[in-house]
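Notes for the structure review
Chain by chain, the residues run as shown.
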Amino acid sequence: NLYGRDDHLSALIEACSEIGAPGGSKVVLVSGYSGVGKSSLVEHAKGKLKEKNIHFISGKFDQLQQARPLAAIDAALNEFTNSIIQQGPQTPLEIKKAISDAIKTDV
């Protein structure tokens, strides 16, 4: 459970509410001091958005991986790829077509 984070949770969910509409892709950055509940907030939002059939991927910056500055993006894309693969063999083809249609070139 989240305590005292309703405003932050609502803001995060609202930022993602336009996903699926034309031009509705979003990148949202969550920042704050360590131990304030950023990861819990993101995981809670992820659960609420999954109910709305929205793909929500996340990556976490780890100070111990400063040599890999894109590690958080890599983790987010791996999470997305794994979730697509788990949905069965047809889903990756559908995602590939959606990406190709969106960027107007073959992937």
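Quick note: structure is the one above.
Predicted, not measured: the structure shown is a model, and the values here were computed from it. (Residues numbered from 1 in each chain as written. Predicted model: local features only at pLDDT ≥ 70, side-chain atom pairs only at ≥ 80, totals over all residues. Heavy atoms only, no water.)

What follows deals with the overall build of the protein. Scanning the protein for helices and strands turns up four helices and zero strands. For the protein, the succession of helices and strands along the chain, N to C, is α-α-α-α. Overall, the protein is about 45 × 35 × 25 Å in size when its C-alpha atoms are taken along their principal axes. Looking at the protein residue by residue over its 107 residues, the buried ones come to 20%. Of the roughly 8,400 Å² that the protein leaves accessible, carbon and sulfur atoms contribute 55%. Looking at the protein, you have 12 positive and 12 negative side-chain charges, and the mean spots of the two groups are 2 Å apart. (Helix = DSSP H or I, 4+ residues; strand = E, 2+ residues; numbered from the N terminus. Buried < 20%, exposed > 50% of the residue type's maximum accessible area, 1.4 Å probe, protein only. Areas by Shrake-Rupley, 256 points an atom, 1.4 Å probe, with all protein chains shown as cover. Lys, Arg positive; Asp, Glu negative; His and termini not counted. Charge placed at Lys NZ, Arg CZ, Asp CG, Glu CD.)

A word on a nonpolar patch on the surface. Among the surface-exposed residues, Ile57, Leu70, Ile73 and Leu77 lie close enough to one another that they form a single nonpolar patch of about 380 Å² accessible area. Looking at the element boundaries, Leu77 is found in helix H3 (residues 71-86). (Patch = residues over 30% accessible without salt bridge, like charges linked within 9 Å, V, L, I, M, F, W, Y side chains within 5 Å. Salt bridge = Lys/Arg side-chain N within 4 Å of Asp/Glu carboxyl O.)

Position of Ile13 among the secondary structure elements: in helix H1 (residues 6-15). Ile13 sits in the buried class, given a relative accessible area of 16%. When near neighbours in sequence (up to four residues on either side) are disregarded, Ile13 contacts Ala45, Lys48, Leu49 and Lys52. (Contact = heavy atoms within 4.5 Å.)

Evaluation of the coordinates by the stated rule reveals four salt bridges. The partner of Lys46 in a salt bridge is Glu43, and the shortest N-O contact between them spans 3.4 Å. Of this pair, Lys46 and Glu43 are both found in helix H2 (residues 38-50), three residues apart, which corresponds to roughly one turn of the helix. For Lys46, a relative accessible area of 16% puts it in the buried group. For Lys46, the salt bridge goes to Glu79, with nearest N and O atoms at 2.8 Å. Placement of Lys46 in helix H2 and of Glu79 in helix H3 is noted, with a sequence separation of 33 residues between them. Shared partners join several salt bridges into a network, and the residues in it are Glu43, Lys46 and Glu79.

Bringing the nonpolar core into the picture now. Among the nonpolar cores identified, the biggest contains eleven residues, and these are Leu2, Leu9, Leu12, Ile13, Cys16, Leu41, Val42, Ala45, Leu49, Ile54 and Phe56. Within the residue set of this core, elements represented by two or more residues are H1 and H2. In terms of residues, this core owes the most to one element, H2, which gives four residues. With sequence-adjacent residues up to four places away left out, Cys16 is seen in contact with Leu49, Ile54 and Phe56. (Core = buried A, V, L, I, M, F, W, Y, C linked by side-chain atoms within 4.5 Å.)

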